[in-house]
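Fold and contact review
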Amino acid sequence: MNDSNIIVMGLFTAAWGVVIETLVKFVWSTIPKYLLIMGIFTDMGDHLPLPHYMWMCPAFFGGILSYITAKYSESGNPIPGQNDWIKSLHIVGVIGHSRLIELVAISTLTMASGLSLRAEMPLILSSGMFGSWLEIKTKQSISSARVLNLVAASAAVSGFFGFPI
């Protein structure tokens, strides 16, 4: 079971890395060029120079993603964070996986918008959530669940940075 979990998380994070790189290029290269051509932003001497995009884009994404995250928190089933993962890993061995898709989507948009400079925590959380789902489905012991959770997290980080395990 450990090998399949490592392979799945490695492939997932490699694909996720490509998606993030593509979105970063789109948000920070394609869109600004288009906005400049459309006349929404201007050259340096005019009414709205293009460098203003560098603060407007993260502010826009930050507002929307903060609102979405707050709505999930109000629902009683929030998207887990770093402390939730650590606490659940030591107490139960697994973390709730019901918000996995939302976590991946919000983390991807956060990284593409420039709000997050690093991918480690979203990778650890998403792989831990996926590993937890797999551990529950295969009825692993608490000890095995902890090991699989940690292996999934390390495989995700390794896969994202292109390091072999």
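Not measured: the values here are computed from a predicted model. (Residues numbered from 1 in each chain as written. Predicted model: local features only at pLDDT ≥ 70, side-chain atom pairs only at ≥ 80, totals over all residues. Heavy atoms only, no water.)

1. Some remarks on the overall build of the chain
Looking only at helices and strands, the chain features six helices and zero strands. For the chain, the succession of helices and strands along the chain, N to C, is α-α-α-α-α-α. With the C-alpha coordinates of the chain rotated into their principal frame, the extents come out at 65 × 40 × 20 Å. Here the contacts in the chain between residues at least 6 apart in sequence split such that 70% fall between residues at least 24 apart. A total accessible area of about 9500 Å² is found for the chain, and carbon and sulfur atoms account for 69% of it. (Helix = DSSP H or I, 4+ residues; strand = E, 2+ residues; numbered from the N terminus. Contact = heavy atoms within 4.5 Å. Areas by Shrake-Rupley, 256 points an atom, 1.4 Å probe, with all protein chains shown as cover.)

2. Examining the packing of aromatic side chains
By the definition in use, this model includes four aromatic pairs. Taking the centre distance of 5.4 Å and the plane angle of 75 degrees together, the rings of Trp 28 and Tyr 53 count as edge-to-face. With Trp 28 in helix 1 (residues 2-37) and Tyr 53 in helix 2 (residues 53-74), this residue pair connects regions lying 25 residues apart in the sequence. Judged by its relative accessible area of 28%, Trp 28 is partly exposed. Ring geometry for Phe 60 against Phe 61: centres 6.0 Å apart, planes inclined by 85 degrees, an arrangement best described as edge-to-face. Looking at Phe 61, the relative accessible area reads 18%, which means it is buried. Through successive ring pairs, a cluster of aromatic residues spans Trp 28, Phe 41 and Tyr 53. (Phe/Tyr/Trp six-rings, centres within 6.5 Å; stacked < 30°, edge-to-face > 60°. Buried < 20%, exposed > 50% of the residue type's maximum accessible area, 1.4 Å probe, protein only.)

3. Observations regarding a nonpolar patch on the surface
On the surface, Tyr 34, Ile 37, Met 38 and Ile 40 cluster together into a nonpolar patch covering about 460 Å² of accessible area. On the secondary structure map, Ile 37 appears in helix 1. (Patch = residues over 30% accessible without salt bridge, like charges linked within 9 Å, V, L, I, M, F, W, Y side chains within 5 Å. Salt bridge = Lys/Arg side-chain N within 4 Å of Asp/Glu carboxyl O.)

4. Some remarks on the pattern of salt bridges
Going through the model one piece at a time under the given rule, you end up with two salt bridges. The closest approach of N and O atoms between Lys 71 and Glu 74, which form a salt bridge, is 3.3 Å. One end of the pair, Lys 71, and the other, Glu 74, are both in helix 2, three residues apart, so they sit about a helical turn from each other. Classification of Lys 71 as partly exposed rests on a relative accessible area of 39%. For Glu 102, the salt bridge goes to Arg 99, with nearest N and O atoms at 3.1 Å. For the residue pair Glu 102 and Arg 99, the accessibility class agrees, reading buried in each case.

5. What about the side chain of Ser 113?
Turning to its location among the elements, Ser 113 is positioned in helix 4 (residues 100-113). Polar contacts involving the side chain of Ser 113 include one to the main-chain amide nitrogen of Leu 115, which spans 3.4 Å. For Ser 113, the residues in contact, after removing those within four places along its chain, are Val 27, Trp 28, Cys 57, Pro 58 and Phe 61. (Polar contact = N/O pair within 3.5 Å; in protein donor to acceptor, adjacent residues only side chain to side chain.)

6. Topic: unusual backbone geometry
Its identity is not glycine, yet Lys 139 carries a phi of approximately 55 degrees, on the positive side. One can find Lys 139 in the loop between helix 5 (120-137) and helix 6 (142-161). Residue Lys 139 is classed as exposed on the basis of its relative accessible area, which comes to 74%.

7. Some remarks on helix 2
Here helix 2 is 22 residues long and its end C-alpha atoms lie 31 Å apart, about the 32 Å a rise of 1.5 Å per residue gives. When helix 2 is considered as a whole, its buried residues turn out to be Tyr 53, Cys 57, Pro 58, Phe 61, Gly 62 and Leu 65. Seen from one end, helix 2 has its buried residues packed into an arc of 145 degrees, which puts them on one side. Summarising the geometry of helix 2, the exposed residues directed more than 90 degrees from the buried face are Trp 55, Phe 60, Tyr 67 and Glu 74. One or two positions beyond helix 2, positive phi appears at Gly 76, with a value near 90 degrees. (Expected span 1.5 Å × (residues − 1). Arc of directions from axis to C-beta.)

Geometric values such as these leave the question of function open.
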